[in-house]
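# Architecture at a glance
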Amino acid sequence: EPEVTQTPSHQVTQMGQEVILRCVPISNHLYFYWYRQILGQKVEFLVSFYNNEISEKSEIFDDQFSVERPDGSNFTLKIRSTKLEDSAMYFCASSRTGSRNQPQHFGDGTRLSIL
Amino acid sequence: DAKTTQPTSMDCAEGRAANLPCNHSTISGNEYVYWYRQIHSQGPQYIIHGLKNNETNEMASLIITEDRKSSTLILPHATLRDTAVYYCIVNAGNNRKLIWGLGTSLAVNP
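Here is a short report on the structure shown in this document. Worth saying up front: this structure is predicted, and the values here are computed from it rather than measured.

## Points about the overall build of chain B
The helix and strand tally for chain B stands at zero helices and nine strands. Along chain B, helices (α) and strands (β) appear in the sequence β-β-β-β-β-β-β-β-β when read from the amino end. For chain B, the C-alpha radius of gyration of 13 Å lies close to 13 Å, the compact-globule estimate for 110 residues. When its C-alpha atoms are laid out on the principal axes, chain B stretches across 40 × 30 × 20 Å. The contacts of chain B with a sequence gap of at least 6 include a subset with a gap of at least 24, amounting to 55%. Accessible surface for chain B amounts to roughly 5400 Å². Of this, 47% is attributable to carbon and sulfur atoms. Positive and negative side-chain charges of chain B, numbering 9 and 9 respectively, have mean locations separated by a distance of 6 Å.

Here it is as structure tokens:
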């Protein structure tokens, strides 16, 4: 069964450094998402992306964050200048369409640790 | 905030059916009910979704009340590997932003 893959599984970065988290969505899916989960807290929506544009973003997704689909398969989340509070699990998801009847499928996440 | 209410935790004996309730009294007519689970900090795993009718797949069954104000996820024969946090989610107006609550922590006991 096709799945969403994320790399790396764990990323350790010094505060203030840039980090790029990578995702390969399911191949025939058109909508892509990033969520994060701080340890012990709820999963939080960050951004949705369709047709090379952001379709929706949360208050968390400020100017330090950006997303890109650099080629036909990858979907990336960049944090420009990381802060300690960016430490979290970051999950990528994709769905075939943006319809309410289409489930989002998630990768196993990247654990981002900011030192 | 999440539009659903779930018990914080539940227990189930291995081999028995696990029935996980969810209240979504403010659900709109075109909003689907989705169930996901998260096993020990892995990525959320899609289980099932429905609008009005009851649904069944290889993982679970979803029973939605006639007034659509509540639903129950049924794992017919729970195994130890079903121990996870189960999330009931109602679309936040569209399917491009899932709003997560704290879910139900299900412990399947031998």
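There is more to say after this.
## Considering the pattern of salt bridges
Inspection of every chain in the model, using the stated rule, returns four salt bridges over all chains. For the salt bridge of Arg-36 of chain A with Glu-44 of chain A, the shortest nitrogen-to-oxygen distance reads 3.1 Å. Note on Arg-36 of chain A: relative accessible area 10%, which makes it buried. For Asp-82 of chain B, the salt bridge identified is with Arg-37 of chain B, shortest N-O distance 2.8 Å. Residue Asp-82 of chain B is located in the loop between β7 (70-75) and β8 (84-90), and its partner Arg-37 of chain B is located in strand β3 (residues 33-38); the two are separated by 45 residues in the primary sequence. The pair Asp-82 of chain B / Arg-37 of chain B is uniform in exposure class, with both members buried.

## Concerning unusual backbone geometry
Cis geometry is adopted by the peptide bond preceding Pro-8 of chain A, which originates at Thr-7 of chain A and carries an omega value of -10°. Position of Pro-8 of chain A relative to the elements: it lies in the loop between β1 (5-7) and β2 (10-13). Backbone geometry at Asn-51 of chain A places phi at a positive 55°, although glycine is not the residue there. Its location among the elements puts Asn-51 of chain A in the loop between β5 (43-50) and β6 (53-57). Even without being glycine, Arg-68 of chain B reaches a positive phi, approximately 65°. Of note, Arg-68 of chain B is situated in the loop between β6 (61-64) and β7. When its relative accessible area of 8% is taken as the criterion, Arg-68 of chain B is described as buried.

Basis of the calculations
Residues numbered from 1 in each chain as written. Chains lettered and ligands numbered in written order. Predicted model: local features only at pLDDT ≥ 70, side-chain atom pairs only at ≥ 80, totals over all residues. Heavy atoms only, no water. Helix = DSSP H or I, 4+ residues; strand = E, 2+ residues; numbered from the N terminus. Rg over C-alpha atoms; globule rule 2.2 N^0.38 Å. Contact = heavy atoms within 4.5 Å. Areas by Shrake-Rupley, 256 points an atom, 1.4 Å probe, with all protein chains shown as cover. Lys, Arg positive; Asp, Glu negative; His and termini not counted. Charge placed at Lys NZ, Arg CZ, Asp CG, Glu CD. Salt bridge = Lys/Arg side-chain N within 4 Å of Asp/Glu carboxyl O. Buried < 20%, exposed > 50% of the residue type's maximum accessible area, 1.4 Å probe, protein only.

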